[in-house]
Amino acid sequence: IEAETEVDFVDINMGCPIDLVCNRGMGAGLAQRANKVQGIVRVMSQQLSCPLTVKLRTGYDMDKPTAHRLVPQLPGWGAAAVTLHGRSRQQRYTKLADWDYISQCAS
């Protein structure tokens, strides 16, 4: 990436809720595979000279938030920053964000 263009940071976007994307293990679907995420974040952060950031949702299903298990691990794997979208993949963009859960994950 850096050989082709000048960037301030690179973001891994695990927030996309679209079926076509998730069903292929990308977007919000990727966040369900912690070992895969760990490998991607570790390798990318080692190869980049700029910061690597990660965006994810509260979880895949509305009633089963999972971000609290992944968010604390991301800095240790090499993420410089994490953005938590306050809705699950199932909620897409239509429900209210869960600010209490965001606060819990940020603590």
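Keep in mind that this is a model prediction, so the values were computed, not measured.

Conventions adopted
- Residues numbered from 1 in each chain as written.
- Predicted model: local features only at pLDDT ≥ 70, side-chain atom pairs only at ≥ 80, totals over all residues.
- Heavy atoms only, no water.
- Helix = DSSP H or I, 4+ residues; strand = E, 2+ residues; numbered from the N terminus.
- Buried < 20%, exposed > 50% of the residue type's maximum accessible area, 1.4 Å probe, protein only.
- Pairing = 2+ DSSP bridges.
- Axes fitted to C-alpha atoms, helices over the stretch in contact; angles between N-to-C directions.
- Contact = heavy atoms within 4.5 Å.

Participant: Can you help me understand unusual backbone geometry in this one?
Facilitator: Excluding glycine, a negative phi dihedral is what most residues carry, and trans is how most peptide bonds are arranged. Even without being glycine, Arg92 reaches a positive phi, approximately 55°. With respect to the element layout, Arg92 can be found in the loop between strand 3 (81–85) and helix 5 (99–106). Overall, the relative accessible area of 27% leaves Arg92 in the partly exposed class.

Participant: What is the right way to look at the sheet that holds strand 1 (residues 10–14) in this model?
Facilitator: Paired through backbone hydrogen bonds, the strands of a sheet run either parallel or antiparallel to each other. The strand order across the open sheet built from 3 strands is 1-2-3, with neighbouring strands paired in parallel fashion. The two strands at the open ends of the sheet, each matched to only one other strand, are strand 1 and strand 3. Direction aside, neighbouring strands of the sheet carry axes that sit 15° apart on average. This element, helix 2 (residues 34–47), spans strand 1 and strand 2 (52–57) of the sheet and lies at about 170° to strand 1.

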